[in-house]
Amino acid sequence: MSAHAHAPVGGRLVTVPFLVLAFLAAIALALLAGRFVYGLGAVTNLNDGYPWGIWVIIDIVIGTAFGCAGYAVSLIVYILNRGEYHPIVRSAVMASLFGYTLAGIAVMFDLGRYWNFYNLFLPWYAQPNSVMWEIALCVAGYITVLWIEFAPTFLERFGLHNAREKLSRVLFIIIALGVLLPTMHQSSLGSAIVILGHKVSPLWQTQFLPLLYLSSAILMGLALVPFESVLAALGLRRQLETGLMGRLNRVILVVGAIFLAVRFGDLLFRGALGHALAGDLRANMFLLESALFIGGLALLARQQAQRSARAQFIAAVTLLTAGILFRINSYLVGYEPVNGTWHYFPSVPEMLVTVGVFSIEILLYLVFVKKLPVLAKHA
Amino acid sequence: MKRRDFLKATAALAAAAPAAGQAALMREPKPMPPQAIGMLYDSTLCIGCKACMSACKEANDLPPERLPEGGEWNTGTWDTPLDLSPTTYNIIKAYVNGTRAEKDRVEDGYAFVKRHCLHCVDPSCVSACPVSAMHKDPLTGLVSHDPSLCIGCRYCVYSCPFGVPRYNYDDPFGQIGKCQLCSHLLAEGGIPACCDVCPTGASLFGPVEQLKAEAQRRLAAAPGTELEFPRGEIGSDRPTHVAATGNYQQHLYGDRELGGTQVMYLAGVPFDKLGLPTDVPDVGYPTLSEGLQHTLYKGMAGPALLLGGLVFLARRNIKRNQADDPLFTDEGMEPDAAAKKEEKDS
């Protein structure tokens, strides 16, 4: 038996949290029926000033950043060769699997002309100058890669050892693709707003957006690991992985330092930092976002955090919130529509759909860890 | 090297590097298409009659729009759109200030502006569209939209610096709508409906170069002097409109803004008062976004090289640690069996 045996957690599947999550998912599906019968406007507060709302920015831009756990951990384990993180590979890949698959599905109900979506994959309609085209192809490719990367867990569960053995021999290519594709599209999620030009505040509009989005996606993917580990420990009564997470925190610190250096170096170089003191909503959101990044990293930097699960959890939540704000700010708060008085705040049904998407993710997480060998056993 | 020289060289390098970096990350601006056609809209000539709006609806077979809160007077056939929409490609808007006593004056004045697609030389919508549903004609430069290709992602709406393309959110099969300069009429030898009906020549159709020359003629004339203004299409034999030259802002909007536009504006009040963004670069934003993408993905060499490195490292590291790796070590038995074995062991 290997050093890090994985096993299904077991236990009853239908629990109170399960039912609550299923209920939330059902509400989302009912609301989505309204979207397909009456149009996007019937469910969302989208308008031509704000054509992209939380279904894009939370479900996709933030959802896939949460889904970077598998990417970030693969990067550390397979590319930087840090074998000690092996026990968390499977759960991290699974977090990505759900984050990305659900984001892929979320795209479909946000697209206004969803029945044409396959045009994205027809070479003769391809528009390679479009950042979105690149993101769409990369994300679709990465979802496929993730299912293959996660396949050993299924094959193992159902005793298909032959197939598993064959897959093992080519898995290094899949793993390499699983690092390449997120590197490409997570940076492109930043490039996507470069074309908005002056419609995005100088606090966020920069040619460094690809690098900022990439580094913050890795940061969020890494922060999700201790976050999930502590929640799994509490929710499923498992042992805390404080020691391993403490070592992971050092990696988070390095990535966070790179992000902050690029972020503030760029702001200083462009002379845009003055906008931070304007006292308006944008400036304050910038200050909040920056405070959360710096605060989360400072918390980790304190020696104590290396040992305390509570400090690790708080730092992880702070950094995840910072990453979320950075994305909401650059796509929505820092964005100003042309002409006219446009307003956007997500409608309640719109928010419920997003809540439903995340409910399905947690629901699938519970089902998978209980039924499949995902989490490492503590011998 | 002396310390001072070294510092000087470093400073020079530090100053030059970002500029060089910026240039490397920019794609070449697109040139004006060889047979570019467009429109000159002269705000000082516009009388706000909205004949162009009604002609646009008729020419493009678009339904009238009514104010949502409209009373009884608003239940007839009146077309009363408030803004551009998927069914309103063209709208006359007004700038108003104070007592609105005089036309084309900032203080206590008013001015008209016609809003629709500017048919950019380097359009953001075309660059943003992932499925080539937004298309710029390589000869005439007109930007058109094909709903049969469109996936409804609304990236064109999000990216347009002028806020032109619109999507219909109240329709389950909604589509993008915007001015296509009546290309269907042009194909039959006609001219855009708005220019065709404009009584004063405020909307003037023609080749961009001729329109630019016409704009310079107007800018050069002294305010108040009588001038002949062509109507419909520049160079056509329609009778001209004779009027006093307006007190122009000494600039042709669209001549250089965002890489240039094929619909250009002359006005008596500053352009930003008319909702046209003025604090903008002389290149279109696609030069930046595409420059960035083309640098990162040039010939796919970067990603290919990266993938090669990743494959090499992944393979090596997996071989080193395979025994320890949960993705590779098959635990070799059913989980239930594993659990039973564990029970027995303990």
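Residues numbered from 1 in each chain as written. Chains lettered and ligands numbered in written order. Predicted model: local features only at pLDDT ≥ 70, side-chain atom pairs only at ≥ 80, totals over all residues. Heavy atoms only, no water.

## Focus: the overall build of chain B
No. 1: Across its full length, chain B holds 10 helices and 12 strands.
No. 2: Counting across all 346 residues of chain B, residues that qualify as buried make up 49%.
No. 3: Within chain B, counting contacts between residues at least 6 apart in sequence, those at least 24 apart form 59% of the total.
No. 4: Counting only carbon and sulfur atoms, one obtains 57% of the accessible surface of chain B, whose full area is about 16,200 Å². (Helix = DSSP H or I, 4+ residues; strand = E, 2+ residues; numbered from the N terminus. Buried < 20%, exposed > 50% of the residue type's maximum accessible area, 1.4 Å probe, protein only. Contact = heavy atoms within 4.5 Å. Areas by Shrake-Rupley, 256 points an atom, 1.4 Å probe, with all protein chains shown as cover.)

## Regarding the domain arrangement of chain A
Residues and elements named next belong to chain A.
No. 1: As assigned here, chain A comprises domain 1 (1-45 + 346-378) and domain 2 (46-338).
No. 2: The straight-line distance from the C-alpha centre of domain 1 to that of domain 2 is 19 Å.
No. 3: At the junction of the two partners, domain 1 supplies 32 residues and domain 2 supplies 34 residues.
No. 4: Here domain 1 and domain 2 share an interface that buries about 3,100 Å² over both sides, 73% of which is from carbon and sulfur atoms.
No. 5: For the pair domain 1 and domain 2, the number of links is zero salt bridges.
No. 6: Elements represented by at least two residues in the side of domain 1 that touches domain 2 include exactly α1 (16-38), α2 (40-43) and α12 (348-371).
No. 7: Sorting elements by how many residues they give to the side of domain 1 that touches domain 2 places α12 first, with 15 residues. (Domains from an automatic or database assignment. Buried area = accessible area lost by both parts, 1.4 Å probe. Salt bridge = Lys/Arg side-chain N within 4 Å of Asp/Glu carboxyl O.)

## Concerning the pattern of salt bridges
All names here are of chain B.
No. 1: Within this structure, the stated rule accounts for 19 salt bridges over all chains.
No. 2: Note that R256 is salt-bridged to D282, the shortest N-O span being 2.8 Å. Taken as a pair, R256 in the loop between β11 (241-244) and β12 (263-266) and D282 in the loop between β12 and α8 (286-296) lie far apart in primary sequence, 26 residues in all.
No. 3: Here R256 falls in the partly exposed class, since its relative accessible area comes to 35%.
No. 4: Judged by its relative accessible area of 45%, D282 is partly exposed.
No. 5: Linked through salt bridges whose partners overlap, the residues forming this network are D42, E214, R217 and R218.

## Observations concerning the interface of chain B and chain A
The accessible area lost on association of the parts is a frequent measure of interface size.
No. 1: Listed as interface residues are 80 residues of chain B and, on the opposing side, 84 residues of chain A.
No. 2: Viewed at the interface, chain A and chain B are joined by one salt bridge.
No. 3: A salt bridge links D110 of chain A to R154 of chain B; the shortest N-O distance between them is 2.9 Å.
No. 4: Viewed at the interface, chain A and chain B are joined by 37 residue pairs in polar contact (both at pLDDT 80 or more).
No. 5: Ranked by residues supplied to the side of chain B that touches chain A, first place goes to helix α9 (residues 301-321) of chain B with 12 residues. (Polar contact = N/O pair within 3.5 Å; in protein donor to acceptor, adjacent residues only side chain to side chain.)

## Here we look at the nonpolar core
No. 1: Within the largest apolar cluster, 213 residues are counted, with the highest numbers of intra-cluster contacts made by Y331 and Y365 of chain A together with Y155, F162 and Y265 of chain B.
No. 2: A domain-level breakdown of this core finds at least three residues from each of domain 1 (1-45 + 346-378) and domain 2 (46-338) of chain A.
No. 3: If we skip the residues at most four places from it in the chain, Y265 of chain B touches Y41, V113, K114, R115, H116, L118, H251, L252, Y253, F271 and L276 of chain B. (Core = buried A, V, L, I, M, F, W, Y, C linked by side-chain atoms within 4.5 Å.)

## Examining the packing of aromatic side chains
No. 1: Within this structure, the stated rule accounts for 33 aromatic pairs over all chains.
No. 2: Ring geometry for F227 of chain A versus F313 of chain A: centroids 5.5 Å apart, planes at 10 degrees, classification stacked. Residue F227 of chain A is located in helix α8 (residues 209-235), and its partner F313 of chain A is located in helix α11 (residues 309-333); the two are separated by 86 residues in the primary sequence.
No. 3: What makes F313 of chain A partly exposed here is its relative accessible area of 21%.
No. 4: For the pair F259 of chain A and F293 of chain A, a centre-to-centre distance of 4.4 Å together with 35 degrees between the ring planes defines the contact as tilted. Here the residue F259 of chain A occupies a position in helix α9 (residues 242-270), and F293 of chain A occupies one in helix α10 (residues 281-301), the gap between them amounting to 34 residues.
No. 5: You can call F259 of chain A buried: its relative accessible area is 0%.
No. 6: Within the aromatic cluster, the residues linked to one another by ring pairs are Y50, W52, Y213, F259, F293, F326, Y331, Y335 and Y344 of chain A together with Y155 and Y158 of chain B.
No. 7: The aromatic ring of F36 of chain A is capped on one face by R35 of chain A, whose charged end is 4.6 Å from the ring centroid.
No. 8: Seen from the ring of F172 of chain A, R315 of chain B lies directly overhead, with NZ or CZ sitting 5.0 Å from the centre. (Phe/Tyr/Trp six-rings, centres within 6.5 Å; stacked < 30°, edge-to-face > 60°. Lys NZ or Arg CZ within 6 Å of the ring centre and 35° of its normal.)

## Notes on the packing of helix α5 (residues 89-110) of chain A against helix α6 (residues 131-157) of chain A
All names here are of chain A.
No. 1: For the pair α5 and α6, interaxial distance at closest approach is 9 Å and the crossing angle is 135 degrees. Taken together, α5 and α6 sit at an angle that is classed as oblique. Remark: the crossing between α5 and α6 carries left-handed chirality. Taken together, the residues of α6 that come into contact with α5 (itself represented by R90, V93, M94, S96, L97, Y100, T101 and G104) are V139, Y142, I143, L146, W147, E149, F150, T153 and E156. (Axes fitted to C-alpha atoms, helices over the stretch in contact; angles between N-to-C directions. Parallel < 35°, antiparallel > 145°, perpendicular 65-115°, else oblique. Left-handed = near helix turned anticlockwise from the far one by under 90°.)

## A few points about the sheet that holds strand β4 (residues 109-115) of chain B
No. 1: Overall, mixed pairing links the three strands, which are arranged β2-β4-β3 (chain B) in an open sheet. The sheet terminates laterally at β2 (91-96) and β3 (102-103) of chain B, the two strands that pair on one side only. (Pairing = 2+ DSSP bridges.)

## Observations concerning the state of the cysteines
All names here are of chain B.
No. 1: Throughout the structure, instances matching the rule amount to zero disulfides over all chains.
No. 2: Of all cysteine sulfurs, the one in C156 lies closest to C150, which takes part in no disulfide; the gap is 6.4 Å.
No. 3: Since its relative accessible area comes to 7%, C150 is described here as buried. (Disulfide = S-S within 2.5 Å.)

## A few points about a nonpolar patch on the surface
Residue and element names in this part refer to chain A.
No. 1: Where nonpolar side chains cluster on the molecular surface, the patch consists of F117, Y118, F121 and L137 and spans about 350 Å² of accessible area.
No. 2: With respect to the helices, strands and loops of the structure, L137 is situated in helix α6.
No. 3: Judged by relative accessible area, which is 32%, L137 ranks as partly exposed. (Patch = residues over 30% accessible without salt bridge, like charges linked within 9 Å, V, L, I, M, F, W, Y side chains within 5 Å.)

## Some details on helix α4 (residues 69-79) of chain A
No. 1: Most of α4 of chain A is tucked away: 11 of the 11 residues are buried.
No. 2: Among the residues trailing α4 of chain A, N81 of chain A stands out with phi positive, at a value near 55 degrees.

## Details of the sheet that holds β12 of chain B
Residue and element names in this part refer to chain B.
No. 1: Across the sheet, three strands lie side by side as β9-β1-β12; this open sheet has mixed pairing. Edge positions in the open sheet fall to β9 (203-207) and β12, since each of these has one partner strand only. Along the sheet, successive strands turn relative to each other by an average axial angle of 25 degrees, direction set aside.
No. 2: Note that strand β1 (residues 37-42) and β12 share four bridges and pair parallel. When the bridges of β12 are listed, D42 appears paired with L266.

## Section: the environment of N162 of chain A
Residues and elements named next belong to chain A.
No. 1: The topology assignment puts N162 in helix α7 (residues 161-191).
No. 2: On the accessibility criterion, N162 (61% relative accessible area) is exposed.
No. 3: The spacing of N162 and Q205 is 43 residues in sequence and 51 Å in space, taken between C-alpha atoms.

## Re the side chain of K199 of chain A
No. 1: In this fold, K199 of chain A is placed in the loop between α7 and α8.
No. 2: With no salt bridge to any partner, buried K199 of chain A finds its closest opposite charge in D48 of chain A, at an N-O distance of 10.0 Å.
No. 3: In this structure the side chain of K199 of chain A is engaged in a polar contact, spanning 2.7 Å, whose partner is the backbone oxygen of Y158 of chain B.
No. 4: Polar side-chain contacts of K199 of chain A include one of 2.7 Å to the backbone oxygen of C160 of chain B.
No. 5: K199 of chain A has contacts with G334, Y335, E336 and V338 of chain A together with V157, Y158, S159, C160 and P161 of chain B, leaving out every residue within four places of it along the chain. (Lys, Arg positive; Asp, Glu negative; His and termini not counted.)

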